[in-house]
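Observations on the three-dimensional arrangement
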Amino acid sequence: MQKYIPKLFFLLFFIAGLFVVQDYGCSWDEDQQMKHGKVSAKEICKQLNLDCPKLERDKNLPALQDYEQKYYGTFFQLVAIGIDTVLVRERFGEKILTRHYLGFLLFFIGVICFYRLLFTRFEGLLSLLGVIIYATLPRIFAHSFFNPKDTIFLSFFVISLYALSRFLNSRDHKNVLFMAFSSALMLNARILGLVLFLAVIASLILYKKTIKRNLKWTLLYIGETFLCLVVIWPLLWENTFTNLLDTFTLFSKYPWEGELLYWGNYISSSEIPWHYIPSWILITTPLFFLMLMLLGIALMVFQILKNYKLWFESYTVTLDGIVLGVTLGPLIAIIIFDSVVYGGWRHLFFIHAGLVYALIFCVKFLQSKYPKLKRPLLLSLGIAIIWNVVQLVRLHPQQHLYFNPLITESLQEFEQDYWGVSTKLGMEKLMEIIPQDKSSSVFAYDFPAWCNFKILNPKAEKLEFVWEQEKGDYFIDNFRRKEHIDAFLNKTGLYSDPVYVIYSQGSPVVGIFKL
């Protein structure tokens, strides 16, 4: 019976995801990422002499080598474009929905791989509890639908980590090829995947101290990863090494400038304090989970140092070391090299897997060390998981705005709906407010509002979106900028006549105002 419980969880989780996928709005980056994919698709058609009339007629699509943002990996978008083509999806909203379904499907595959990774290291019950925590962390769950970059990378990262665990248990060509292909997908999603790529190389060379024997596996892995990466990344079809180096150079310190609301103050993206990422993890992770994660990391460090003679000898010690390294390493590197990060800790979502792994390591260690704690610890963890799922349901579909009890009023402390996803809820509410026999127009400052308006077409027949304030009957905003927050709180300017305000955990996230 016990072996069917994980399968039941996966089935229920998958069905739940399919059931709610249409509830999430369009985010800032989705339209731009879609364009990246189209530019790459156009290049594929050119290189393979395929007939792609729609792409060829689109004058907004430059040649790939001339495209300013050519360095983004586009495999995920290319798959989505293929699905849109096969299903003849023409409307913008349909195409966004394709990417939301595809994003969740990839996340679901990552969930299964994470469970199998845990299962090779811990016993069945702990593996199940760990994967439930991994899959239902509020912010991560919501981002799995609409985030076109960070959760895509997280999923490929986890799949690659699982592939490595398979190879450490069984060194054969099938597992090397699995590692190589998953690593290529991971590197295409984010060049930051080099962290795990290098860890894999180190483990391939040193594992079991048979360096000469392992050298062939290492060279095979590097060669197959490189080959797979070139095949799935049209940018590398020409000037391969130059474009690869330029990609790494660009994204190692991405040139983004802007202001961030952080602990009640606006800071420049070029002056982000070292505690920016740790703080975001601190305030957006359920507290009981957070406590076990931090204790687990400390215990992992202690155990790995204690068992240094078993490095690259024992499977468990080796896997623990790799997971700890690829979790703490990027966090430390960002602090040391003062890398540009913004929008919370989304750029490091991929360390979520390592944090949950540390949590389960902590529970396992405490159970072994203090047997009397086993039942109360599992009971506490079970209650925490149930409460977390309750929050997931209660906040739906705004789980990406979750803050733990450390933050009680977030509007003037931290960025709210940076992605603009909640404007979909605002547009839907506005259509309810507008009388059935009347047509109206809505004005907004930011792109996500337009994006979510387009999602609702053709349902929004009586609503028109305008970019000119004087032409609008209503104004919708997600309070992203300081002056907008101040104007809303003081009810001045465009914010003087609120019609409806949508809240999340007591803080306003989207407002509709009469002009």
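This write-up is about the structure you can find in this document.

Analysis parameters
Residues numbered from 1 in each chain as written. Predicted model: local features only at pLDDT ≥ 70, side-chain atom pairs only at ≥ 80, totals over all residues. Heavy atoms only, no water. Axes fitted to C-alpha atoms, helices over the stretch in contact; angles between N-to-C directions. Helix = DSSP H or I, 4+ residues; strand = E, 2+ residues; numbered from the N terminus. Parallel < 35°, antiparallel > 145°, perpendicular 65-115°, else oblique. Left-handed = near helix turned anticlockwise from the far one by under 90°. Contact = heavy atoms within 4.5 Å. Nonpolar A, V, L, I, M, F, W, Y, C, P; charged D, E, K, R; others polar. Disulfide = S-S within 2.5 Å. Buried < 20%, exposed > 50% of the residue type's maximum accessible area, 1.4 Å probe, protein only.

1. Points about the packing of helix 5 (residues 92–119) against helix 8 (residues 150–169)
- Packing of helix 5 against helix 8 leaves a shortest axis separation of 8 Å and a crossing angle of 30°. Compared by their axis directions, helix 5 and helix 8 come out roughly parallel. In the packing of helix 5 onto helix 8, the handedness of the crossing is left-handed. Residues Gly103, Leu106, Phe107, Ile109, Gly110, Cys113, Phe114, Arg116 and Leu117 of helix 5 form the contact with helix 8, whose own contacting residues are Ile152, Leu154, Ser155, Phe156, Val158, Ile159, Leu161, Tyr162 and Ser165.
- Here the residues of the contact of helix 5 with helix 8 are counted per class, giving 13 nonpolar, four polar and one charged.

2. Observations concerning the state of the cysteines
- One pass over the structure, following the stated rule, counts two disulfides.
- Disulfide partner of Cys26: Cys451, at an S-S distance of 1.7 Å. Sign of the S-S torsion, about 80° for the bond between Cys26 and Cys451, identifies this disulfide as right-handed. With Cys26 in the loop between helix 1 (4–20) and helix 2 (30–47) and Cys451 in helix 19 (residues 447–456), this pair connects stretches of sequence that are 425 residues apart. In this pair, the class of Cys26 matches that of Cys451, namely buried.

3. Observations regarding the packing of helix 5 against helix 19
- Remark: helix 5 packs on helix 19, axes separated minimally by 7 Å, with the N-to-C direction vectors making an angle of 100°. On the basis of their axis angle, the class for helix 5 and helix 19 is roughly perpendicular. On the side of helix 5, the interface is formed by Phe92, Gly93 and Ile96, while helix 19 contributes Trp450, Cys451, Lys454 and Ile455.

Any link to function would need more than the numbers given here.
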